[in-house]
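Descriptive structure summary
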Amino acid sequence: MAAVALTFFSILSRKLRFSVIICALLLGSTVMSLREASLQSSEIARHFGQSVEVMAQVVTDPNQTATGNYSFLARAIYIHTNQTSYSMRIPIRIITPKASVLTLLPGQSFSATARIVKSKEGRVSALVLIDEDVKVITQATRWAKALASIRYGLREISGDGDAGALIPGMVLGDTSKQSPEFKSAMKRSGLMHLVAVSGANFAIVSSFVLWCMQFLFTRMKLRLSATAIALICFIALVRPSPSVLRAAAMAAVILVAQGTHRGRDSLPALGFAIGAVVIGDPWQARDAGFALSVMATGGLLLFSPLVVAKLSRFMPEKLAQALAPPIAAIVFCSPILVALSGYLSPISIIANLLAAPAVGPITILGFIAALISPVAPFISVILIWVIRFPAAFIASVALWSAQFPVLTLRTGSIGFLIVAIFTLVLWLFKKYIRNISIITLVLIFALTWMQRWPAGEWQVANCDVGQGDSLVLNLGNHRAIVIDVGPDPVLEDRCLKALGVNEIPLLILSHFHADHVGGLSGAMRKRVVSQLWESTNAEPLMESAHVASLLAGVDVVTPQNGFAAQVAQFTINVLWPVSGSQVFASMPGDGSAVNNSSIAVLVTSQEFTLFAAGDIEPPVQHELIGKVSHVDIYKVAHHGSRYQDAALMAALHPQVAVISVGAKNTYGHPAPQTLEALTRLGAEVVRTDVNGSISITAKAHVIKVRTSKGRFNLFRLG
């Protein structure tokens, strides 16, 4: 009611606009404060760090995370400890390694023994970690089962490949079948909004339902009522994400306006939608998806008509009308996009224009196929076969447009301010828009040329793959030795493309932790691996099995101390691991045994020497002191953690110390004491979290370093 009142008064009088904004801010902040206070003072907060018996109700569908665990939102309704028991209704986040939770549906209740920890997520009161299978208390309702059968039915019949993964996303917002590479291509091409159910989907579905209702009802109010019911069912089917709630609220206002013959006014409808959603769930105000949805709609309403008017002077009006929506949406969303992803894709306008004609048929026929899949799967299969062709077209457009360079800017508040100020300047100085645009383009191209990477010859490169390792040695003729492939296939593939690597004669995986092998599929994308060196320790088994499946048929070597090979101009000596079992004291944290089985290699050539240590820890580092001497380049062990052997670093005495580490990681890497020790030795320290990807040119042991994040680290094209 408060949102309705605010919208009414804002329309009634422009003089009260400032007061309305103040009231809206006060109301929103009050609701948010009350919600946060209630979560922080909940009974569950008293049990942080403890194991309890928890009973909860599922709120969202469980999904697999990037770490391999399964996560979903739930509502804690009962907690039992040895001392006492509590009844409550508190939102929590569940994390579990058990895939059995995928069978849970919203509304079901379950119980489990869990550990309660503090969560950084504002909308929940705690993070609940469950290591064992949960016990189902209540079965799913018929309604939940019916909705699940529709979702699962569409997922199963949509088929394989990128086209099959795209259909559930475009119809129901289900992206579970999409590979990380395809998700990156959709995001990079500016087509990600197609798989986030939003206003466009509601407009298509509601128009289709309203058109169908004319054959059943003669009165408009009955048609609108039936359409409203259909939209409520659609919300339940696709799940109430932020953009869905915004689109549903706006659609509801428009339907009411039609039914009362008061006409449609999209801006008040959007205002009502924003107010209703944020008051109902204050955390939506912090959700990037909700912000993008609102900004895109605002761009279509406010800016698109102006773009049409401007473009119509130079091209046919129909073409101007087709180009205006993606241009308007990108302009309004660009500050948020830059703050989140750090780049803008100019080619996305063309990609959206090409994909637009295929969106309607896929959404409508896919929606029909999903609805009838439980009762008439044969007809659904036929409909899916038909729409696989336009879906394949959109997938090919996404993959094609993702190959084009994007304008990369600094993420966070700085990137947001850069784009927001530029957009505001264009708006305020419309008369000089052409001159401003030309000057901006010249400035961008000049700075991006100065900051290009790797910019010519290079001998050694370290890819910026986030919290992980990936080192590349140039063999010439687009061939390279790769040591580890990082955690992210997309980042690994992108880096090897930038380096021009098409063939990998030797791939060394130091050990099987995910931050060293998770990006293997990206490294192998359109590339041939001739030989693999892998650790003697196959733990973790899930990762090593995944590597084996991807590299089936590749010559595999398990090198140990004393093993040596000559690959082109490089002599590679393996210094670790040694034969036989070795037991060392574990460092704090997990995985010491695996870390200490890392392959450590000394690479020598006429131009430079390099030591790459994997993740070996101080006990193993100490064992290697007598086997190494001064090197030109040291790929610092374990991402520069504080667990380093000072004597080994002194023996290496590198010119350049390379630290491969993710920005703002939770491990505290690199440690200040490690950086200080390397600096005292006179080493030039470069790190991927600060400097980006690193390329090194070495001539007769004279080292020159170039990084992808240059001196003017505001924007670059790549």
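Here we summarise the structure given alongside this text. Computed from a predicted model, the values in this text were never measured in an experiment.

Our focus in this paragraph is the packing of aromatic side chains. Summed over the entire model, instances satisfying the criterion amount to five aromatic pairs. An angle of 65° between the planes, with centres 5.9 Å apart, marks the rings of Phe72 and Phe110 as edge-to-face. Of this pair, Phe72 sits in strand β3 (residues 70-80) while Phe110 is found in strand β5 (residues 109-117), placing the two residues 38 residues apart along the sequence. Among the residues examined, Phe110 registers a relative accessible area of 0% and is labelled buried.

Here seven strands make up an open sheet; going across it, the order is β16-β17-β18-β19-β20-β21-β22 and the pairing mixed. Sheet topology places β16 (564-567) and β22 (684-687) at the edges, where each strand pairs with a single neighbour. Within the sheet, the average angular offset between the axes of one strand and its neighbour, ignoring direction, is 20°. With four bridges joining them, strand β21 (residues 656-659) and β22 adopt parallel strand pairing.

Per the counting criterion, the structure on display carries five salt bridges. The shortest N-O distance in the salt bridge between Asp689 and Arg687 comes to 2.8 Å. Exposure remark for Asp689: the relative accessible area of 15% places this residue in the buried category. When salt bridges that share partners are traced, they join Asp493, Lys497, Arg525 and Arg527 into one network.

This part covers the state of the cysteines. Throughout the structure, instances matching the rule amount to one disulfide. Disulfide pairing places Cys463 opposite Cys495 at an S-S distance of 2.1 Å. Looking down the S-S bond of the Cys463 and Cys495 bridge, the torsion is -80°, so its handedness is left-handed. Highlighted residues: Cys463 in the loop between β10 (460-462) and β11 (471-476) and Cys495 in helix α17 (residues 489-499), separated in sequence by 32 residues.

Here we come to the sheet that holds β10. Pairing in this open sheet of eight strands is mixed, and the strands run β15-β14-β13-β12-β11-β10-β23-β24 from one edge to the other. Across the chains shown, the open sheet's two edge strands, defined by having one partner strand only, are β15 (555-557) and β24 (702-707). Each neighbouring strand pair of the sheet contributes to a mean axis angle of 20°, computed without reference to strand direction.

The next subject is the packing of helix α5 (residues 180-189) against α17. Interhelical geometry of α5 versus α17 gives an angle of 70° and a closest axis separation of 9 Å. Here α5 lies roughly perpendicular to α17, going by the angle between them. In this structure, α5 contributes Pro180, Glu181, Ser184 and Arg188 to the contact, and α17 contributes Pro489, Val490 and Arg494. Its residues placed into classes, the contact of α5 with α17 shows three nonpolar, one polar and three charged.

For an α-helix, 3.6 residues make a turn, and residues three or four places apart therefore share a direction. Helix length check: helix α3 (residues 142-157) (16 residues) gives 22 Å between terminal C-alpha atoms against 22 Å at 1.5 Å per residue, within 8%. Of all the residues in α3, the buried ones are Ala144, Leu147, Ala148, Ile150, Arg151, Gly153 and Leu154. On its buried face, α3 is in contact with α4 (161-172), α7 (220-238), α13 (348-372) and α14 (377-401). After α3 finishes, the residue Gly159 shows a positive phi value of roughly 90°.

What follows is about the packing of α3 against α4. At their nearest, the axes of α3 and α4 sit 8 Å apart, and the two run at 150° to each other. Regarding the angle of α3 to α4, the classification is roughly antiparallel. Counted together, Arg151, Leu154 and Arg155 of α3 and Ile167, Pro168, Val171 and Leu172 of α4 form the full contact between these two elements. Here the residues of the contact of α3 with α4 sort into five nonpolar, no polar and two charged.

Rules behind the numbers
- Residues numbered from 1 in each chain as written.
- Predicted model: local features only at pLDDT ≥ 70, side-chain atom pairs only at ≥ 80, totals over all residues.
- Heavy atoms only, no water.
- Phe/Tyr/Trp six-rings, centres within 6.5 Å; stacked < 30°, edge-to-face > 60°.
- Helix = DSSP H or I, 4+ residues; strand = E, 2+ residues; numbered from the N terminus.
- Buried < 20%, exposed > 50% of the residue type's maximum accessible area, 1.4 Å probe, protein only.
- Pairing = 2+ DSSP bridges.
- Axes fitted to C-alpha atoms, helices over the stretch in contact; angles between N-to-C directions.
- Salt bridge = Lys/Arg side-chain N within 4 Å of Asp/Glu carboxyl O.
- Disulfide = S-S within 2.5 Å.
- Parallel < 35°, antiparallel > 145°, perpendicular 65-115°, else oblique.
- Contact = heavy atoms within 4.5 Å.
- Nonpolar A, V, L, I, M, F, W, Y, C, P; charged D, E, K, R; others polar.
- Expected span 1.5 Å × (residues − 1).

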